[in-house]
Protein chains: 2
Amino acid sequence: MIKFNRRITFILLLCALYNAPADEVVQSEQHDFIVESVLSDLDHPWSMVFLADEEMLISERSGSLMLVNTTTGESQYVKGLPEVAAVGQGGLMDIALHPDFSTNGLIYLSFAASDGSGTGTEVARGKLVGNELRDVETLFAALPKSGGGRHFGSRLLFDPEGFLYITLGDRGKRPQAQALTTHPGSIIRLNEDGTVPVDNPFVKQSRVRPEIYTYGNRNVQGIALQPGTNRIWAHEHGPQGGDEVNIVVAGTNYGWPIITYGKNYGTGTDIGEGTHKEGMAQPVYQWTPSIAPSGMAFYSGDMFPHWQGDLFVGSLKFQLLVRLEVDGDKIVAEEQLLQRRFGRIRDVRVGPDGLLYLLTDESDGQLLRLQPR
Amino acid sequence: MIKFNRRITFILLLCALYNAPADEVVQSEQHDFIVESVLSDLDHPWSMVFLADEEMLISERSGSLMLVNTTTGESQYVKGLPEVAAVGQGGLMDIALHPDFSTNGLIYLSFAASDGSGTGTEVARGKLVGNELRDVETLFAALPKSGGGRHFGSRLLFDPEGFLYITLGDRGKRPQAQALTTHPGSIIRLNEDGTVPVDNPFVKQSRVRPEIYTYGNRNVQGIALQPGTNRIWAHEHGPQGGDEVNIVVAGTNYGWPIITYGKNYGTGTDIGEGTHKEGMAQPVYQWTPSIAPSGMAFYSGDMFPHWQGDLFVGSLKFQLLVRLEVDGDKIVAEEQLLQRRFGRIRDVRVGPDGLLYLLTDESDGQLLRLQPR
């Protein structure tokens, strides 16, 4: 799992300190910026978190976790990771910090894990000591596991109350999204130790997996907390069309596969019963055709003042960065940036420096950074 | 996992049909009997269930499941099993039939499964079609997984209401038995589909694993339903001394490692606070020194009328079969049978023929059968 001998190209200083004239300034509606390549040669990076001003973690889907110094560009692989099943869309995926990370050092990882019955999303945590993960324990396993390499979801988010959200996909088995008896196709809510919050929406119902917080979700690969409101937003992949942005509300049925704005791949035939149904939520926003969204962040820094409160979403399929203008619980405008310039955008985060960071999902993936100009 | 070329010795007919005079008649307090070897050359068999009058399943800890015709002695390996981690005491362990097995063909298997963070008890089910297990899905995973090969528990039982009980061990990490935040060291209760029953004792408490039904259990490797009363009995391994028989009651704390009749191995030093404590259950019965119990059955057949209602327990350590006379919720007498004659007794079941069947936990393990004489 751990590879030490991979070359990590570090060209941050060149870009940042000398502001090389070759940097192409991107003009956009609200801000002009340049795109710096902070790191390259990443193997399908999936997620990133900032540990401190100069330190971050980057996961690679193949199973590696890198500890990167963003000032010096030095990086090292973290040892002691769980054994991930890198199959299809699955592998090592998201990273989240415990709310008290600064004192307890705990990080959470989502990953695909296999047993003989199949593969499923799991979440483990461990204590990061130097470049070693210690006392790793698996806190959640999406059950049942199943075959195939699709729709693992896997984003992690802590809310301000300290609850952990785990987004899942339907694993390509659509009925699981409507079933409360199975985890896949839902968003999970746990206490930080993996136990089930007593106020989860379905704990008082029989025949449920009490970890479920929402359901009818096809494949959720973006989740973010809206600053100032504490609303949790998520997006999910539709089939052919019908990618959605939703606000995550306890107990909500988001409708998949009964309602969707998408169609069946190839045939273009209808799925389910249409786009609306009583008792199933309408999305806040939807993309048809699909952009294949992954990664999501509300911009909250000072470096791009006109982007404050905007929601940024990576697009795998169209290889772009989407900026959504948000008014309360509505999306009122969309701007598409960086089309096909850098590849599939897998993750989007705001750094402690107020800059916007992107990961590209490529075999020579990059950590990119948007600097205002 | 699947081995077809192992010799299965079948000497049932010789014993049963011809009643060979070489059979040694065992004299015991209530019944005289002979012990037939139905099958031998089993690789550490762990559990058995009867599918029909002439058909049974036997698990081997190394990961095989055998479908055996008890009349002809023919056997075949079941294909499509989950991938088990055969480490230390763990591997493929118990087998249980769905209450509606005769119509739905579903069987449940408990086994040790590993991910990179460690190993833990899991339960999967699948549909048995011929000698193939289909649509296998993991319904439960004891979390967190951990290192080491000890104390997986792993007995399975359905009660008359259709709830599934899964017995666990503390995985050698004693504090887990008192923690409701972790599965190990408890007995689990689920619906047949793996969901959490809404009336489980801790579902309304915060910071719990709601699957937990009892806790303070060290390593439970025997569980059985008492005929006529529907009481569930279980036994568990103590450390050096203090093996216990308990009646399984929702929400009960059985005390490990705070109270126990056992001592620390080797040193013989005390464990915890003694043998009694408010709020922690006393065992119905305890063995000091430990017998290392595994397997358990209430005798309910017609072949040994004086054994009706007695509780039979296998002993690994002393290689014997224990017969306990039960009066309501008390054990009033113990008889030890077959001392060191056949090896470590791993499982004890009553067949549909009313005979008592045993498995010996040896590299040349046997399926034994007690016939009255």
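Anything mentioned here points back to the structure above.
Just so we're clear, the structure is a prediction, and the values are computed from it rather than from any experiment. (Residues numbered from 1 in each chain as written. Chains lettered and ligands numbered in written order. Predicted model: local features only at pLDDT ≥ 70, side-chain atom pairs only at ≥ 80, totals over all residues. Heavy atoms only, no water.)

Trainee: Where do I start with the sheet that holds strand 13 (residues 164-167) of chain A in this structure?
Mentor: Through backbone hydrogen bonds, the strands of a sheet pair up, either in parallel or in antiparallel fashion. Residues and elements named next belong to chain A. Spatially, the 4 strands line up as an open sheet ordered 12-13-14-15, and their pairing is antiparallel. Every other strand in the sheet has two partners, leaving strand 12 (156-158) and strand 15 (212-215) as the edge strands with one partner each. Averaged over all pairs of adjacent strands, the angle between strand axes in this sheet comes to 20°, irrespective of strand direction. Note that strand 12 and strand 13 share 3 bridges and pair antiparallel. Residue leucine 156 lies in a different strand from strand 13, and its bridge partner there is isoleucine 166. (Pairing = 2+ DSSP bridges. Helix = DSSP H or I, 4+ residues; strand = E, 2+ residues; numbered from the N terminus. Axes fitted to C-alpha atoms, helices over the stretch in contact; angles between N-to-C directions.)

Trainee: Would you explain the interface of chain B and chain A in this entry?
Mentor: How large an interface is tends to be reported as the accessible area lost when its parts come together. Of the residues lining the interface, 34 residues belong to chain B; the matching set on chain A comes to 34 residues. Of all residues in chain B, Thr138(B), Val198(B) and Arg207(B) bury the most surface against chain A, accounting for 19% of the area lost on that side. There are 4 salt bridges connecting chain B and chain A. A salt bridge links Glu192(A) to Arg207(B), with the shortest nitrogen-to-oxygen separation between them at 2.7 Å. Our count for the contact surface shared by chain B and chain A stands at 10 residue pairs in polar contact (both at pLDDT 80 or more). Those elements giving two or more residues to the side of chain B that touches chain A turn out to be strand 8 (106-115) and strand 10 (132-141) of chain B. Residue composition of the side of chain B that touches chain A, by class: 13 nonpolar, 10 polar and 11 charged. (Contact = heavy atoms within 4.5 Å. Buried area = accessible area lost by both parts, 1.4 Å probe. Salt bridge = Lys/Arg side-chain N within 4 Å of Asp/Glu carboxyl O. Polar contact = N/O pair within 3.5 Å; in protein donor to acceptor, adjacent residues only side chain to side chain. Nonpolar A, V, L, I, M, F, W, Y, C, P; charged D, E, K, R; others polar.)

Trainee: Even after reading the chapter, I still don't get the pairing of strand 11 (residues 132-141) of chain A, so can you show me in this structure?
Mentor: Note on strand geometry: in a regular strand, side chains alternate between the two faces of the sheet. Residue and element names in this part refer to chain A. The pairing of strand 10 (residues 118-129) with strand 11 spans 7 bridges and is antiparallel. Pairing of arginine 125 across the sheet is with glutamate 137, part of strand 11. From the end of strand 10 to the start of strand 11, which pair antiparallel, there are 2 residues, and glycine 130 there has a positive phi angle of about 60°.

Trainee: What's the story with the environment of Gly295(B) in this structure? I'm lost.
Mentor: Residues and elements named next belong to chain B. Its location among the elements puts glycine 295 in strand 19 (residues 293-298). A relative accessible area of 0% means that glycine 295 is categorised as buried. Residues glycine 295 and glycine 194, 101 residues apart in the sequence, show an inter-C-alpha distance of 23 Å. Excluding anything up to four places from it in sequence, glycine 295 contacts Arg155, Gln221, Gly222, His235, Phe312, Val313, Gly314, Arg346, Asp347 and Val348. (Buried < 20%, exposed > 50% of the residue type's maximum accessible area, 1.4 Å probe, protein only.)

Trainee: When you look at the side chain of Arg125(B) in this model, what are you seeing that I'm missing?
Mentor: Residues and elements named next belong to chain B. When you line up the elements, arginine 125 lands in strand 9 (residues 118-129). Arginine 125 gets classed as buried once you look at its relative accessible area, which sits at 13%. Of note is the side chain of arginine 125, whose polar atom sits 2.8 Å from the side chain of tyrosine 108.

Trainee: Sorry, what's going on with unusual backbone geometry here?
Mentor: Trans peptide bonds make up the majority, and among non-glycine residues the majority have a negative phi. Residue and element names in this part refer to chain A. Following threonine 288, the chain continues to proline 289 via a peptide bond in cis, the omega torsion being 5°. Inspection of the secondary structure puts proline 289 in the loop between strand 19 (285-287) and strand 20 (293-298). Here the phi dihedral of asparagine 230 falls at roughly 60°; this positive angle occurs in a residue that is not glycine. Note that asparagine 230 resides in the loop between strand 16 (220-225) and strand 17 (232-236). By relative accessible area, asparagine 230 is classed as partly exposed at 48%. Its identity is not glycine, yet glutamine 319 carries a phi of approximately 50°, on the positive side. With respect to the helices and strands, the residue glutamine 319 is situated in the loop between strand 21 (311-315) and strand 22 (320-327). In this structure glutamine 319 comes out as partly exposed when scored by relative accessible area, which is 21%.

Trainee: Hey, could you run me through the nonpolar core in this one?
Mentor: Within soluble globular proteins, side chains that are nonpolar tend to cluster in buried spots. All names here are of chain B. Formed by 32 residues in total, the largest nonpolar core has its most connected members in Ile58, Trp307, Leu321, Leu338, Leu367 and Leu370. At the level of elements, strand 2 (32-42), strand 3 (45-52), strand 4 (55-60), strand 5 (64-69), strand 23 (345-350), strand 24 (356-360) and strand 25 (365-372) are the ones that each hand at least two residues to this core. Considering every element that reaches this core, the biggest residue donor is strand 2, with 5 residues. Not counting chain neighbours up to four residues away, the residues in contact with leucine 367 comprise Glu36, Ser37, Val38, Leu39, Leu42, Met48, Met56, Ile58, Tyr357, Leu358 and Leu359. (Core = buried A, V, L, I, M, F, W, Y, C linked by side-chain atoms within 4.5 Å.)

Trainee: What is the right way to read the relation of the copies chain B and chain A from this model?
Mentor: Two copies of the chain are present, and they differ by a rotation about an axis and a shift along that axis. Expressed as a screw operation, the relation of chain B to chain A combines 0.0 Å of axial shift with a rotation of 180°, fitting to an RMSD of 0.0 Å. Read as a symmetry element, the transformation amounts to a two-fold axis. In this assembly, 100% of the residues forming the interface of chain B have copies in chain A that are likewise at the interface, indicating an isologous arrangement. (Least-squares fit on C-alpha atoms with pLDDT ≥ 70 in both.)

Trainee: Help me understand the packing of aromatic side chains in this model?
Mentor: Enumeration according to the criterion identifies 22 aromatic pairs over all chains in this entry. An angle of 65° between the planes, with centres 5.7 Å apart, marks the rings of Phe33(B) and Trp307(B) as edge-to-face. With Phe33(B) in strand 2 and Trp307(B) in the loop between strand 19 and strand 20 (311-315), this pair connects stretches of sequence that are 274 residues apart. Judged by its relative accessible area of 0%, Trp307(B) is buried. One aromatic cluster in this structure is built from Phe33(A), Tyr299(A), Phe304(A), Trp307(A) and Phe312(A). For Arg171(A), the ring lying beneath its charged end belongs to Phe152(A), and the centroid distance is 4.0 Å. (Phe/Tyr/Trp six-rings, centres within 6.5 Å; stacked < 30°, edge-to-face > 60°. Lys NZ or Arg CZ within 6 Å of the ring centre and 35° of its normal.)

The quantities given are spatial measurements derived from coordinates; they are silent on function.
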